[in-house]
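Each chain is listed here by its residues.
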Amino acid sequence: MNLAKLSWKYIADRPLNTFLNVLLFGFGISIILVLLLLSDQMKDTLTKNSKGISLVAAAKGSPLQIILCNIFHIDFPTGNIALKEAIELSKNRLVKNAIPIALGDSYKNHRIVGTTKAYIDLYEAQLIEGEMWAESNEAVIGFNVAQSLEIKLNDGFYTEHGLQSGGAAHEDHEVKVVGVLERSGTVLDNLILTSVETVWEAHESHGEEGDHHHTEEEMITELGIRFAEHDLDEKEITSLIIQYSGPMAAVRLPRMINSQTNMQSASPAFETARLFSLIGVGVEVVNGFAYLIIFIAALSIFIALYNSLKQRAYDLAIMRAMGASRRFLFLHVIVESLIVSVLGGIFGLLIAHASIGAIDRFFIPQESQMYVSAFVFLNDELIVIGVSFVVGIIASIIPAISAYRTDLSKTLAKG
Amino acid sequence: MLSISKLAYNYMGMVNLVYKDFELQQNEKMVIIGGSGSGKTTLLHLLGGMMQLQTGEIQLNGTSFTGLSGHQMDQFRANHIGLVFQKPHLIGSLNVLENLMISQMFSSGKQSSAKAKELLETVDLAEKTNARISELSQGQAQRVALLRAVINEPDLILADEPTSSLDDDNAHAVLDLLIEQADKNNSILLITTHDQRVKERISNQYLL
């Protein structure tokens, strides 16, 4: 027999009440943890996807939409930009690197992104099978695409017009899978990557029929895209992903793009911060609600202890008669509350991770860019155990003091 | 040896209880007899160190209660004094064995479930070792309460009306057990009572 075991015996003696308090406390804790874990993993996904990207230049429109469309591949494009203008911009000395993005087609809800190899290098993704595209109508697919659509190397598919499934298929243009990327935990996993030329060709073929017989000497390569020189004024892409050449660029380039070109600049860092400040309000409200539940749980633990101590006055006096010190009774009550609150905390921790697992499995569609895992643990979660301790002590401090003050002689004389 | 000298207790200036001096050697037994309000329980609580001394002195085997702090008194009580009350007041959340072991926990001796079981054996309660307190009859419960008081082999056993709520058979069983345990541990046994059955057994009487 020891202090903890004695306290436990009293808890085990009222199982329903203990169950309720553990449940209540656990739920409060788990809500806070789920929010913590989700926002952390969301931030992680966002930063992973926008790593190395200083700026996106796209057609005039909402900067947030530009970021969502061109980096996270969720929203729709704001329009197209002239290839000629994009090339000029890429030659600006404030630009270190520029990667073209051409959107417009998809295959079974997976976007087809016309770009260059530099885009894959940006995310440091490696091929697990096959090789990079070399010719037009060849594509490299992301890991999830290969998994969910069960496409293998050398399979062919017809791209669909538009960014959502249900668009008309470009039936005269079969695209062949020449490579599969490893899982990178970034947007690449859900994308079908190909050359800008492939995207152009799919569209030209049903637009201006038969106008792509160019002679070799007219061809030029800009931005890693090979095209006929006389097409320079007509060609368009969706956006240009830019890396700054230095800190000065951060100050001057966005303003220059917005005022001197027909393009709009959007900074991923700024837009994701803005997005989070919008979500933040909702998170705060739910968090407040969770703290309220924890407060109610603490109150419930307090009431349970207070009531049980009234019935236990004689037990406490008997313990004192057996030689228990006042300090022992004080700790006995505190420990009793601590057991409930810490059990609640652990329970909350388990529910939180189970919930994240469930959210990952049932609520986040495969093609979305969110990655959450039930097995990510944060240092902040240790704070929860600390909070459990503090709540347990606060809830029991008044009953513990009254136990400490038990008047041995008076209580026994009453019996 | 237990001795009191010039012991008196005052309840808020209203009632003044004055106790005659007495001295008891190890293994001596005495009953304290007095009507209600005569200060029986107060005397017992003073002897058990459960009330602060006001005037006079109590000494048990050379230790004066006056010099002990609250915490020291608790420790002293745990190791040297065993208390039995009118009702058993066992702890309902614990089983029979645990009720005995909790008493060992507070004393500085070792906890031994073997010793607790052995004691239960002597009062024919071995089969109740793991029983809940609510499953015991009143006589059985009082015997367990008594074992709880003597398990640490105290120098002094204080019993406050231990038989008053028991029938003849149980009262005698409890008395037998008290006397037997006091003899075994060489303890001083003090019983407050107005119960004729107790007075018949112990001739040494202290009248209040």
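Above this text you will find the structure in question.
In this report, we go over the structure that sits alongside the text. The shown structure was predicted, so the numbers you read here are calculated from the model rather than taken from an experiment.

Focus: the overall build of chain B
- The helix and strand tally for chain B stands at seven helices and 10 strands.
- Whereas a compact globule of 208 residues would reach a radius of gyration of roughly 17 Å, chain B reaches 17 Å, a difference of no more than 12%.
- The principal-axis extent of the C-alpha atoms belonging to chain B is close to 50 × 35 × 30 Å.
- Out of the 208 residues in chain B, the part that is buried amounts to 44%.

Description of the overall build of chain A
- Within chain A one finds 12 helices and 14 strands.
- Counting only C-alpha atoms, chain A reaches 115 × 45 × 30 Å along its principal axes.
- Here chain A, with 415 residues, has 40% of them falling under the buried criterion.
- Considering only intrachain contacts with a sequence separation of at least 6, the fraction spanning at least 24 residues in chain A is 78%.

Some thoughts on the sheet that holds strand E7 (residues 81–84) of chain B
Residues and elements named next belong to chain B.
- Ordered in space as E7-E8-E9-E4-E10, the five strands form an open sheet in which the pairing is parallel. The two strands at the open ends of the sheet, each matched to only one other strand, are E7 and strand E10 (205–207). Between one strand axis and the next, the sheet turns through 20 degrees on average, direction left out of account.

Looking at the interface of chain B and chain A
- Listed per partner, the contact involves 25 residues of chain B and 19 residues of chain A.
- Of all elements in the fold, only helix H1 (40–47), helix H2 (70–80) and helix H3 (96–106) of chain B reach the threshold of two or more residues within the side of chain B that touches chain A.
- Counting residues per element, the side of chain B that touches chain A draws most heavily on H3(B), which supplies six residues.
- Residues that form the side of chain B that touches chain A fall into these classes: 11 nonpolar, 10 polar and four charged.

Details of H3(B)
- For H3(B), a buried count of 10 out of 11 residues is recorded, marking the element as mostly surrounded by other parts of the structure.
- Looking only at H3(B), the buried set comprises Val96(B), Glu98(B), Asn99(B), Leu100(B), Met101(B), Ile102(B), Ser103(B), Gln104(B), Met105(B) and Phe106(B).

Let's talk about the packing of helix H10 (residues 326–363) of chain A against helix H11 (residues 380–404) of chain A
Residues and elements named next belong to chain A.
- Viewed as axis vectors pointing N to C, H10 and H11 meet at an angle of 150 degrees, and their least axial separation amounts to 7 Å. With respect to each other, H10 and H11 are oriented roughly antiparallel. Two packed elements cross with a definite hand, and for H10 against H11 that hand is right-handed.

With respect to the packing of helix H9 (residues 268–321) of chain A against H10(A)
All names here are of chain A.
- As a packed pair, H9 and H10 sit with axes 10 Å apart at the nearest point and diverge in direction by 145 degrees. As H9 runs across H10, the sense of the crossing is right-handed. Of H10, the residues touching H9 (which contributes Ala297, Ile301, Leu305, Leu309, Leu316, Met319 and Arg320) are Leu329, Val333, Glu336, Ser337, Val340, Ser341 and Gly344.
- A class-by-class count of the residues in the contact of H9 with H10 yields nine nonpolar, three polar and two charged.

Notes on the nonpolar core
- If you look at the biggest cluster of nonpolar residues, it comprises 105 residues, and the most contacted ones within it are Leu146(B), Leu147(B), Ile157(B), Leu158(B) and Leu178(B).
- Here this core takes 13 residues from H9(A), the largest share from any one element.
- The next biggest cluster of nonpolar side chains, apart from the first, holds 59 residues, and it includes Ile66(A), Leu83(A), Val145(A) and Leu188(A).

A closer look at unusual backbone geometry
All names here are of chain B.
- In this structure, Lys6 takes a positive phi of about 50 degrees despite not being glycine.
- Secondary-structure assignment places Lys6 in strand E1 (residues 2–11).
- The phi angle at Asn61 is positive, at roughly 45 degrees, despite the residue not being glycine.
- Assignment of secondary structure puts Asn61 in the loop between strand E5 (55–60) and strand E6 (63–64).

A few points about H1(B)
Residue and element names in this part refer to chain B.
- Most of H1 sits out of view: eight of its eight residues are buried.
- Those residues of H1 that sit buried are Lys40, Thr41, Thr42, Leu43, Leu44, His45, Leu46 and Leu47.
- Just downstream of H1, Gly49 is the residue with a positive phi angle, here 70 degrees.

Description of the pairing of strand E8 (residues 156–160) of chain B
All names here are of chain B.
- In terms of burial, E8 is largely enclosed, as five of its five residues are buried.
- Neither face of E8 is exposed, since Leu156, Leu158 and Asp160 on one face and Ile157 and Ala159 on the opposite face are all buried.
- With four bridges joining them, E7 and E8 adopt parallel strand pairing. Bridge assignment links Leu83 to a residue of E8, and that residue is Leu158.
- Where E8 meets strand E9 (residues 188–193), five bridges bridge the pair, whose relative direction is parallel. When the bridges of E9 are listed, Leu156 appears paired with Ile188.

About the criteria used
In every chain, residue numbers begin from 1 and rise along the written sequence. Whichever chain is written first is A, and whichever ligand is written first is 1; the rest continue in order. Two thresholds apply to this predicted model, a pLDDT of at least 70 for residue-level local features and 80 or more for giving and counting side-chain atom pairs, whereas whole-chain, interface and lining totals are computed over all residues. Elements are defined by DSSP. Helices are runs of H or I of four residues or more, strands are runs of E of two residues or more, and each kind is numbered from the N terminus. Computation of the radius of gyration draws on C-alpha atoms alone. For the globule rule, the value is 2.2 Å times the number of residues to the power 0.38. The burial label depends on the number of other C-beta atoms within 10 Å of a residue's C-beta. Counts of 20 or more mean buried, 12 or fewer mean exposed, and intermediate counts mean partly exposed, with C-beta atoms placed from the backbone. For every residue pair, C-beta atoms are placed from the backbone, and the pair is scored as a contact if these atoms sit within 7 Å. The pairing criterion for strands is at least two bridges between them, as found by DSSP. To get an axis, fit a line to the C-alpha atoms, keeping to the stretch in contact for a helix; angles then go from 0 to 180 degrees between the N-to-C directions. The residue classification treats Ala, Val, Leu, Ile, Met, Phe, Trp, Tyr, Cys and Pro as nonpolar and Asp, Glu, Lys and Arg as charged. All others, Gly included, are polar. Should an angle fall under 35 degrees it is taken as roughly parallel, and over 145 as roughly antiparallel, whereas 65 to 115 is taken as roughly perpendicular and any remaining angle as oblique. Crossings are assigned a handedness: left-handed for a near helix turned anticlockwise from the far helix by less than a right angle, right-handed for a clockwise turn. Nonpolar cores are identified as sets of buried Ala, Val, Leu, Ile, Met, Phe, Trp, Tyr and Cys residues joined via C-beta atoms within 7 Å.

The quantities given are spatial measurements derived from coordinates; they are silent on function.
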